[in-house]
Protein chains: 2
Amino acid sequence: LRDLSHLRPRSNIIGCISRIRSNLAFAVHLFFQNLDFLYINTPIITKCNCEPDDEQFTVTTLLEKNYSKKNNKSNNTTMFDLETKNKNYPFKIIQQNYNENHPKNLESISYFKNDFFEDQVYLTSSGQLELESYACALSDVYSFGPAFRAEYNFTERHLAEFWMVECEICFADLSDIMSLSEKFIKFCLNYTLEHNKADLNYIANHYEKNVFEIIKNACFPYLRVNYTEVIDILLEASNFKKNFFKESVTWGISLSQEHELYLTDVYFKSPVFIYNYPKRVKSFYMKINDDQETVSAMDLLVPRIGEILGGSEREDRLNILSDNVKREFGINSEKYKSYLELRKFGTVPHSGFGLGFDRLVMLATGIKNIKDVIPYPRYPDYSEF
Amino acid sequence: LRDLSHLRPRSNIIGCISRIRSNLAFAVHLFFQNLDFLYINTPIITKCNCEPDDEQFTVTTLLEKNYSKKNNKSNNTTMFDLETKNKNYPFKIIQQNYNENHPKNLESISYFKNDFFEDQVYLTSSGQLELESYACALSDVYSFGPAFRAEYNFTERHLAEFWMVECEICFADLSDIMSLSEKFIKFCLNYTLEHNKADLNYIANHYEKNVFEIIKNACFPYLRVNYTEVIDILLEASNFKKNFFKESVTWGISLSQEHELYLTDVYFKSPVFIYNYPKRVKSFYMKINDDQETVSAMDLLVPRIGEILGGSEREDRLNILSDNVKREFGINSEKYKSYLELRKFGTVPHSGFGLGFDRLVMLATGIKNIKDVIPYPRYPDYSEF
């Protein structure tokens, strides 16, 4: 049915999922509004990149057939007017730039200066950095909106366009955000248990007979395990049986899906927070622990899905953050000047987390493929309707 | 302060606006959830365009410096691998495509087939068409998310990235959606009057002394005036004084901002619905009236701002809609096949409207520039932080 995105809501199962998704989204707002968090709309189009390793989409008007930036608003014949008249689009235009601008030492900057925003801009992969500037001014905040990753990824738990809930909490540490995020997920699940009984019964009878057990299992207390302990657990499993995991286990690796699912579905049989990751597998903005090797960060893994939520304390020491930015971004560090200024001009300790909302819908419905819990899934080669 | 988007929330006025914006957003969800509307996440990346005249942003991975679509997942040397190795980005790559693909008869389709989605895709300017497919399946629905227009526009009421609330109501006609949208706006304004008293007092004392009058004026009953009557009113004003309007008035024009503000601020001094517009200034999906010249559409204009909301009955007669699509899109009609199928495979009469959420924040705060009511405004040449 996935190729009939426009007609599939007429099926019972997509109807059930849609009603649950709608209630979960409302529960997100209810939870944070009840705690007096401010809802902030972080930007979708951005120059920055919160996670430098993520692949991003470029947003541009340079490839439009008849796009004229100055659109009747100027009588001078500009580059844009020339573009409009140019039939061999977009190749001629680009060749023309190529010849006229910097024929030898070509830099992207000269190319994008003719673009709508006069610079290369991207679809956001996270609104965290922008959210932090509101947290540092107005205390606790959250956002809920779309995010994007241009990964060539066909798994059952990845989308190129997905919805994310993020929050930043002042004066909170790692333990605080583990507690808050646990409460948050349980609040959403209980809301749907209360308001979608008929839909869940339908799913239990026709699609996933264990859906109520799946949800209830996510309502028990969550475990909290140190990354180092986790590596020991995984090593034990791989010592017990050769080639138990495809990817080898050693302290310092980023956990792959097979590791995550072993922990949640086989070993712990429960949602589990893993915390204090090695700093080199995590992001530049996370607070370094006193051991200098790990960061104060956590991921929440749940059975069948793996990672559903991740968070950290934010590095609030200007000198350390500044070094991290230089190491990470090199010549592009300039773009993060305003982020550093949040520390420079009066700051507070703060922490935050981000939830993959579509994965929460998977958890609350028992549906196995993320492409079935969002109305119009976007993934490589697919953007129908 | 606008150039310090990351620090300006530390000012009192941006704090007030942020708290009001957050409550208005929650009021949007409360209003529709109380009426049992389903919240639907319509896609941000789309091939379609609801308003064919809107300028759109293209979303692409073709301009990324080191983007490799197949990213280590294939050993064949593909186009993408060649791109990755290519230093003269993006010009060489494009020239290469130019030479290898269709050297004579170049079509955009051959260019974008190497893109992430194998086609040219855009940032949405409206989720209406996708929302309609959910309304036709699951009854009343709404959406609330970002929308985009690549207009080279510097006015105080336009953004390239803005937030929009849209809804579709089954078995509703034009009068129903005028009533519902009036209730909706008043509900949101009353919610903020109740929850943001201190913020509004601050605004009244320091920025806009009439803010309470502005809000109260939008809580009286709204007028409903036929487009034809409106043209008579405008003609009278322009006959009375030569060159009263810059743009001349005649039946069939699209109203410009000066016309709108004359109606709301001078003539009616009240919010006013204008309905039954000439079909050629409105969209292909709007229901044609029996006079064959006008469509069953309405815009809500409010003092100081102009248009804040627009809606229509949707054309549910397959043959008429099909003719409209062919006339409007020509060879691109194929893309709207699925929209037509909503009528083909069982349909219901339905109507809907869309609200510019940022303009609602302008109305509820008395703030004159739309760039000050959104955390990180995006407009031509500007995408900071």
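Look a little higher up for the structure.
This write-up is about the structure you can find in this document. Here the residue numbering is sequential within each chain, running from 1 through the sequence in written order. Chains carry letters from A onward and ligands carry numbers from 1 onward, assigned in written order. Local features in this predicted model are restricted to residues whose pLDDT is 70 or higher, and side-chain atom pairs enter the listing and the counts only when it is 80 or higher, whereas totals over whole chains, interfaces and linings include all residues. As a rule here, side-chain values come from all non-hydrogen atoms in the structure, and water together with hydrogens is ignored.

### So, the sheet that holds strand S7 (residues 223-226) of chain A
Either a parallel or an antiparallel arrangement is found when strands of a sheet pair, and the pairing is made through backbone hydrogen bonds. Residues and elements named next belong to chain A. The cut-off we apply is this: Two strands are said to pair when DSSP picks up at least two bridges between them. A run of DSSP states H or I qualifies as a helix once it reaches four residues; a run of E qualifies as a strand once it reaches two. Both are numbered from the N-terminal end. When checking whether two residues touch, look at their non-hydrogen atoms; a contact exists if any pair is within 4.5 Å. The axes used here are C-alpha line fits, helices contributing only the stretch in contact, and every angle between their N-to-C directions lies in the interval 0 to 180 degrees.
Pairing in this open sheet of 8 strands is mixed, and the strands run S1-S5-S6-S11-S10-S9-S8-S7 from one edge to the other. On the outer flanks of this sheet lie strand S1 (38-39) and S7, each paired with one strand and no other. Note that strand S6 (residues 161-170) and strand S11 (residues 350-356) share 7 bridges and pair antiparallel. Bridge assignment links Cys170 to a residue of S11, and that residue is His350. Along the sheet face, helix H6 (residues 174-195) touches S6, S7, strand S8 (272-278), strand S9 (294-302), strand S10 (306-313) and S11 and points at about 35 degrees away from the line of S11.

### So, the relation of the copies chain B and chain A
Two chain copies, one operation linking them: a rotation about an axis together with a shift along it. The condition is simple: The copies were overlaid with a least-squares fit restricted to C-alpha atoms from residues scoring a pLDDT of at least 70 in each copy.
Structural alignment of chain B on chain A gives an RMSD of 0.0 Å, achieved by rotating through 180 degrees and translating 0.0 Å along the axis. Both chain copies can therefore be described as sitting about a two-fold axis. Within chain B, Val59 of chain B has its C-alpha nearest the rotation axis, a separation of 2.4 Å. Taken together, the interface assignments show that 100% of the residues at the interface of chain B recur at the interface of chain A, consistent with an identical surface on both copies.

### Let's talk about the environment of Phe144 of chain B
Rule in force here: Using a 1.4 Å probe on the protein chains alone, a residue whose accessible area is under 20% of its type maximum counts as buried, one over 50% counts as exposed, and one in between counts as partly exposed.
Counting through the fold element by element, Phe144 of chain B comes out in strand S5 (residues 141-148). The class of Phe144 of chain B is buried, set by a relative accessible area of 3%. C-alpha separation for the pair Phe144 of chain B and Thr42 of chain B, spaced 102 residues apart in sequence, amounts to 8.7 Å. If we ignore the near neighbours within four places in the chain, the residues touching Phe144 of chain B are Trp163 of chain A together with Ala25, Val28, His29, Tyr39, Trp163, Met164, Val165 and Phe357 of chain B.

### Concerning the packing of helix H1 (residues 12-34) of chain A against helix H7 (residues 197-206) of chain A
Residues and elements named next belong to chain A. Spelled out, the test is: In this scheme, roughly parallel covers angles under 35 degrees and roughly antiparallel covers those over 145, while 65 to 115 is roughly perpendicular and the rest are oblique. Each crossing gets its hand from how the near helix is turned against the far one by less than a right angle, where anticlockwise is left-handed and clockwise is right-handed. Asp, Glu, Lys and Arg are counted as charged, while Ala, Val, Leu, Ile, Met, Phe, Trp, Tyr, Cys and Pro are counted as nonpolar; the rest, among them Gly, fall into the polar class.
One can describe the packing of H1 onto H7 by two numbers: an axis separation of 9 Å at closest approach and a directional angle of 140 degrees. One way to sum up the angle between H1 and H7 is to call them oblique. When the axes of H1 and H7 are compared, the crossing they make is left-handed. Note on element contacts: H7 touches H1 through Asp199, Leu200, Tyr202 and Ile203, opposite Asn12, Ile13, Cys16, Arg19 and Ile20. Partitioned by chemical class, the residues of the contact of H1 with H7 number 6 nonpolar, 1 polar and 2 charged.

### Details of the packing of aromatic side chains
Heads up, the condition is: Only rings of Phe, Tyr and Trp enter the pairing, Trp through its six-membered ring, and a pair is recorded when the two centres are within 6.5 Å. The plane angle decides the type: under 30 degrees is stacked, over 60 is edge-to-face, the rest tilted.
With the rule as written, the count across this model stands at 63 aromatic pairs over all chains. Between Phe57 of chain A and Phe116 of chain B the ring centres are 5.0 Å apart and the planes differ by 85 degrees, which places this aromatic pair in the edge-to-face class. Within this pair, whereas Phe57 of chain A is found in the loop between strand S2 (45-46) and strand S3 (58-60), its partner Phe116 of chain B is found in the loop between helix H4 (108-112) and strand S4 (121-123), the two belonging to separate chains. In terms of burial, Phe57 of chain A and Phe116 of chain B fall into one category: buried. Seen from their ring centres, Phe244 of chain A and Tyr262 of chain A are 5.4 Å apart, and the 85 degrees between their planes marks the pair as edge-to-face. With Phe244 of chain A in the loop between helix H9 (227-240) and helix H10 (257-267) and Tyr262 of chain A in helix H10, this pair connects stretches of sequence that are 18 residues apart.

### A look at unusual backbone geometry
If a residue is not glycine, its phi is most likely negative; likewise, a peptide bond is most likely trans. With phi around 50 degrees, Lys269 of chain A is a residue other than glycine that occupies positive phi space. Mapped onto the elements of the fold, Lys269 of chain A is located in the loop between H10 and S8. Assessed through its relative accessible area of 55%, Lys269 of chain A is described here as exposed. The backbone phi angle of Asn276 of chain B is positive, close to 60 degrees, even though this residue is not glycine. Residue placement: Asn276 of chain B occurs in strand S8 (residues 272-278).

### A closer look at H1 of chain A
Each α-helix winds once per 3.6 residues, and so residues spaced three or four apart point in a common direction. All names here are of chain A. Note the following rule: Expected span, for any helix, means 1.5 Å times one less than how many residues it has.
Taking 1.5 Å of rise per residue, 23 residues should cover 33 Å, and H1 covers 33 Å from first to last C-alpha, within 8% of that figure. The element H1 is largely enclosed, with a buried count of 20 among its 23 residues. Two residues or fewer past H1, Asp36 is found with a positive phi of approximately 65 degrees.

### Remarks on the sheet that holds strand S11 (residues 350-356) of chain B
Residue and element names in this part refer to chain B. Spatial strand order, S1-S5-S6-S11-S10-S9-S8-S7: 8 strands in an open sheet with mixed pairing. For this open sheet the edge positions go to strand S1 (38-39) and strand S7 (223-226), each flanked by a neighbour on one side alone. In this sheet, S11 lies alongside strand S10 (residues 306-313) in antiparallel orientation, the contact comprising 5 bridges. Bridge pairing in S11 links Leu309 to Leu355. Packing of helix H1 (residues 12-34) onto the sheet brings it into contact with S1, S5, strand S6 (161-170) and S11, and relative to S5 it is tilted by some 145 degrees. Here helix H9 (residues 227-240) sits on the sheet in contact with S7 and S8, set at roughly 85 degrees to S7.

### Brief notes about the environment of Lys335 of chain A
Residue and element names in this part refer to chain A. This is how the line gets drawn: Side-chain atoms alone can form a polar contact between residues adjacent in sequence; in general such a contact is a pair of N or O atoms within 3.5 Å, and within protein one must be able to donate a hydrogen while the other accepts it.
Along the chain, Lys335 falls in the loop between helix H11 (318-329) and helix H12 (337-344). C-alpha of Lys335 to C-alpha of Val325: the two residues are 10 residues apart in sequence and 9.8 Å apart in space. For Lys335, the side chain forms a polar contact with the main-chain oxygen of Lys47, separated by 3.5 Å.

### Points about the interface of chain B and chain A
Using the following cut-off: Summed over both partners, the accessible area lost on bringing two parts together, with a 1.4 Å probe, is the buried area. Salt bridges are defined by distance alone: a side-chain nitrogen of Lys or Arg within 4 Å of a carboxyl oxygen of Asp or Glu.
At the interface, 94 residues of chain B touch 94 residues of chain A. Between chain B and chain A, roughly 8900 Å² of surface is buried when both sides are summed, and carbon and sulfur atoms account for 63% of that area. Across the contact surface, chain B and chain A share 2 salt bridges. Here Glu384 of chain B and Lys47 of chain A are joined by a salt bridge, their closest N and O atoms 2.8 Å apart. Seen at the junction of chain B and chain A, the total is 31 residue pairs in polar contact (both at pLDDT 80 or more). For the side of chain B that touches chain A, the element with the most residues is H1 of chain B, which contributes 12 residues. Of the residues contributing to the side of chain B that touches chain A, the split by class is 53 nonpolar, 24 polar and 17 charged. Direction of pairing for S3 of chain A relative to strand S3 (residues 58-60) of chain B: antiparallel, over a ladder of 3 bridges. Pairing of Thr60 of chain A across the sheet is with Thr58 of chain B, part of S3 of chain B.

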